[in-house]
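# Structural features, examined
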Amino acid sequence: MGLNEYIDIFLAVFTGFFSLIVVFGRNPVVCALSLLMSFIGFAGIFFQLGSVFLTTIQVLVYAGAIAILFIFVLMLINTSHYKYSQTKKSINPVLGTIFTFILLGGFTLVINNNIDYLNVDRLPTTSMKVLFVDLFNKYLLPFELATVLILVAIVASVVISNKRGEK
Amino acid sequence: MMEIYYYLAIFLFCLGLLGTLIKKDLISILLCVELMLSSVNLLFALFSKAIGVPDGQLQVFFVIIVAAAEAAIGLSLIITLFKKVKSGYSEDVLILSE
């Protein structure tokens, strides 16, 4: 095993560990910070896959904007003032766990059966030029629609959290 | 050894689904949804590398845009709900069913 294999295993364990904290942590602040660490792990995995563009986007947008937005909102609303409700009418956690494990088994089976076609060992780096020529030719319409989506999201988040709209 | 990433991606997807089903407070549910989106991004990148076309990586770009919009709107909804009902738990938010 070379150095790259050790890095692969380390990144997988790192990302999996912090994702486990996200799901099973009690404190929402700890969960959000673990999500940030797990996003950094994802960025490392993208780098190992030879995709510089995705590494940049992951660090800039996911770790830099989305995770920080979550932490910011957690600071804004004081989580220690959470009011615990009296009624406990939610989905049965046992049922959810069983369903998830069945799904996990199915996915593992699918990957196991097709692992011969999914070889990604040490492919060359995808150049930014190839990606962006595709983005601005083949995917021009989705790109423009995405800008409209972002604009709508900005307006919607301002309107929703606007105080004057409430009666 | 890079096949380990396929198993990591499906494991993280199921982990995020489990968190979405069993978590009670709304912000943690949104965090788990982000985890699911991120694991799907990883699968897109892996398949794009395995097939040898760059389209999957552009798909990741669009997924990240949608995730950013979703996080912004979801968090503003949570803030509004917190101001209205003073709670961040999903079982306290029964405005539509009452």
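It should be emphasised that the depicted structure is a prediction, and the values quoted were computed from it without experimental measurement.

### Comments concerning helix H1 (residues 4-22) of chain B
- Its 19 residues place the ends of H1(B) 27 Å apart at the C-alpha level, agreeing with the 27 Å of an ideal helix rising 1.5 Å per residue.
- Considered for burial, the residues of H1(B) that qualify are B:Tyr5, B:Tyr6, B:Leu8, B:Ala9, B:Ile10, B:Leu12, B:Cys14, B:Leu15, B:Gly16, B:Leu17, B:Leu18 and B:Gly19.

### Looking at the interface of chain B and chain A
- Counting from both sides, the interface comprises 71 residues of chain B and, opposite them, 88 residues of chain A.
- Considering only the side of chain B, the residues that lose the most area to chain A are B:Met2, B:Leu31 and B:Lys49, jointly responsible for 10% of the buried surface there.
- In this structure, the connection of chain B to chain A is made through one salt bridge.
- Residue A:Lys138 pairs with B:Asp55 through a salt bridge whose shortest N-O separation is 2.8 Å.
- Counting every contact that joins chain B to chain A gives ten residue pairs in polar contact (both at pLDDT 80 or more).
- For the side of chain B that touches chain A, the secondary structure elements donating two or more residues are H1, helix H2 (26-51) and helix H3 (55-85) of chain B.
- Grouping the amino acids of the side of chain B that touches chain A by side-chain chemistry returns 49 nonpolar, ten polar and twelve charged.

### Notes on the packing of aromatic side chains
- Going through the model one piece at a time under the given rule, you end up with 13 aromatic pairs over all chains.
- Ring geometry for A:Phe17 against A:Phe18: centres 5.3 Å apart, planes inclined by 70°, an arrangement best described as edge-to-face.
- Under the relative-accessibility criterion, A:Phe17 is labelled partly exposed at 47%.
- Taking the relative accessible area as the measure of exposure, A:Phe18 reaches 17% and is therefore buried.
- Between A:Phe53 and A:Phe132 the ring centres are 5.1 Å apart and the planes differ by 80°, which places this aromatic pair in the edge-to-face class. Within this pair, whereas A:Phe53 is found in helix H3 (residues 52-76), its partner A:Phe132 is found in helix H5 (residues 128-137), the two being separated by 79 residues in sequence.
- Given a relative accessible area of 7%, A:Phe53 falls into the buried group.
- Taken together, the ring pairs in this structure connect A:Phe53, A:Phe132, A:Phe136, A:Tyr139, A:Phe143, B:Phe61 and B:Phe62 into an aromatic cluster.

The rules behind the values
Residues numbered from 1 in each chain as written. Chains lettered and ligands numbered in written order. Predicted model: local features only at pLDDT ≥ 70, side-chain atom pairs only at ≥ 80, totals over all residues. Heavy atoms only, no water. Helix = DSSP H or I, 4+ residues; strand = E, 2+ residues; numbered from the N terminus. Expected span 1.5 Å × (residues − 1). Buried < 20%, exposed > 50% of the residue type's maximum accessible area, 1.4 Å probe, protein only. Contact = heavy atoms within 4.5 Å. Buried area = accessible area lost by both parts, 1.4 Å probe. Salt bridge = Lys/Arg side-chain N within 4 Å of Asp/Glu carboxyl O. Polar contact = N/O pair within 3.5 Å; in protein donor to acceptor, adjacent residues only side chain to side chain. Nonpolar A, V, L, I, M, F, W, Y, C, P; charged D, E, K, R; others polar. Phe/Tyr/Trp six-rings, centres within 6.5 Å; stacked < 30°, edge-to-face > 60°.

This is a description of form; function is not addressed.
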